[in-house]
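Results of the structural survey
Spelled out, the chains give:
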Amino acid sequence: DAKTTQPTSMDCAEGRAANLPCNHSTISGNEYVYWYRQIHSQGPQYIIHGLKNNETNEMASLIITEDRKSSTLILPHATLRDTAVYYCIVSAFLGAGSYQLTFGKGTKLSVIP
Amino acid sequence: EAEVAQSPRYKITEKSQAVAFWCDPISGHATLYWYRQILGQGPELLVQFQDESVVDDSQLPKDRFSAERLKGVDSTLKIQPAELGDSAMYLCASSLDGGAGGETQYFGPGTRLLVL
């Protein structure tokens, strides 16, 4: 299954855009890129996912490079409540109609007042 | 908004005791997942169900862990006997159809287990 590489930690000023990078150079054509975040002691929260095209929802934007080897999650106006661990995940297709998510250690984003 | 329910939220037990966790997925979700998350690490998949059938339990320590989803709705994860190294957060997630690419998994709040 494709592995992802993320920075261990990042800081962002409150009100500014937070840009979280992720490398997934071994991604296969049928594998999706997912982003989740986890606020301390809570369950992971789904943010966004995509296959090839850029995606946007009410929480964030996902920019995937044309070769699909990397992506960036953008939080347009970071608030203190966005402080969390952000996980970039490539869904693994295991055959027999099964997709799975393999979490790494993620990026610890700290939003600074 | 529908959510995945888990209970209990916290559990303290002594080693060698039995412990059980319960999960109720979002209504209509066919696929249910149990994850374990050790402090400082990302969640690790233990078992995946499609309806009442196990799709993957390759990472489940079967000598002490068991999981069931008898009617294809709610699920129970059991540990017997518990060991000190089982202290972790146990997370349940569900999706409409885990066999379809692009499906979203929704997570519950988790059960935090402490084994003394």
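First things first, this report covers the structure right here in the doc. (Residues numbered from 1 in each chain as written. Chains lettered and ligands numbered in written order. Predicted model: local features only at pLDDT ≥ 70, side-chain atom pairs only at ≥ 80, totals over all residues. Heavy atoms only, no water.)

1. Concerning unusual backbone geometry
Keep this limit in mind: Strands are runs of DSSP state E lasting at least two residues, helices are runs of H or I lasting at least four, and both sets are numbered from the N terminus onward. The classification of residues rests on relative accessible area computed with a 1.4 Å probe and restricted to protein chains. Under 20% of the type maximum is buried, over 50% is exposed, and intermediate values are partly exposed.
With an omega dihedral of -10°, the bond running from Ser7(B) to Pro8(B) counts as a cis peptide bond. Tracing the chain through its elements places Pro8(B) in the loop between strand S1 (5-7) and strand S2 (10-13). Look at the link from Gln80(B) to Pro81(B): it is a cis peptide, with omega at -5°. For Pro81(B), the location among the structural elements is in the loop between strand S8 (75-79) and strand S9 (88-95). Phi is positive for Ser41(A), which is not a glycine, with a value near 70°. The topology assignment puts Ser41(A) in the loop between strand S3 (33-38) and strand S4 (45-50). On the basis of relative accessibility, which here comes to 32%, the residue Ser41(A) falls in the partly exposed class.

2. Considering the nonpolar core
Quick reminder of the rule: Definition used in this section: a nonpolar core is a set of buried Ala, Val, Leu, Ile, Met, Phe, Trp, Tyr and Cys residues joined via side-chain atoms within 4.5 Å.
Within the largest apolar cluster, 21 residues are counted, with the highest numbers of intra-cluster contacts made by Trp35(A), Leu73(A), Tyr86(A) and Leu109(A). Secondary structure elements with two or more residues in this core: strand S2 (18-23), S3, S4, strand S6 (61-64), strand S7 (70-75), strand S8 (84-90) and strand S11 (107-112) of chain A. In terms of residues, this core owes the most to one element, S8(A), which gives four residues. Counting residues in each nonpolar core, the second largest holds 20 residues, with Val4(B), Cys23(B), Leu60(B) and Tyr90(B) among its members.

3. Brief notes about the pairing of S6(A)
All names here are of chain A. What counts here: The criterion for strand pairing is that DSSP finds at least two bridges linking the strands in question.
Relative to S6, strand S5 (residues 55-56) is paired through two bridges, and the arrangement is antiparallel. Following the sheet pairing, Thr56 is matched in S6 by Ser61. Counting the residues that bridge the hairpin from S5 to S6 gives four residues. Relative to S7, S6 runs antiparallel, the two sharing four bridges. Residue pairing in the sheet places Ile64 in a bridge with Ser71 of S7. Here S6 folds back onto S7, and the loop between the two strands holds five residues, one of which, Arg68, carries a positive phi near 65°.

4. So, the state of the cysteines
Residue and element names in this part refer to chain A. Put simply, the test is: By definition, disulfides here are pairs of cysteine sulfur atoms that lie within 2.5 Å.
Within this structure, the stated rule accounts for two disulfides over all chains. Between Cys22 and Cys88 runs a disulfide, and the two sulfur atoms are separated by 2.1 Å. Across the S-S bond linking Cys22 and Cys88, the dihedral sits near -80°, which makes this disulfide left-handed. A residue pair is termed long-range when its members are at least 10 positions apart, and Cys22 in strand S2 and Cys88 in strand S8 qualify at 66 residues.

5. Things to note about the sheet that holds S5(A)
A sheet is described by the order of its strands in space; here four strands give the open sequence S2-S7-S6-S5 (chain A), paired in antiparallel fashion. Strands with a single pairing partner mark the edges of an open sheet, and in this sheet they are S2 and S5 of chain A.

These results come straight from atomic positions and should not be treated as a statement about function.
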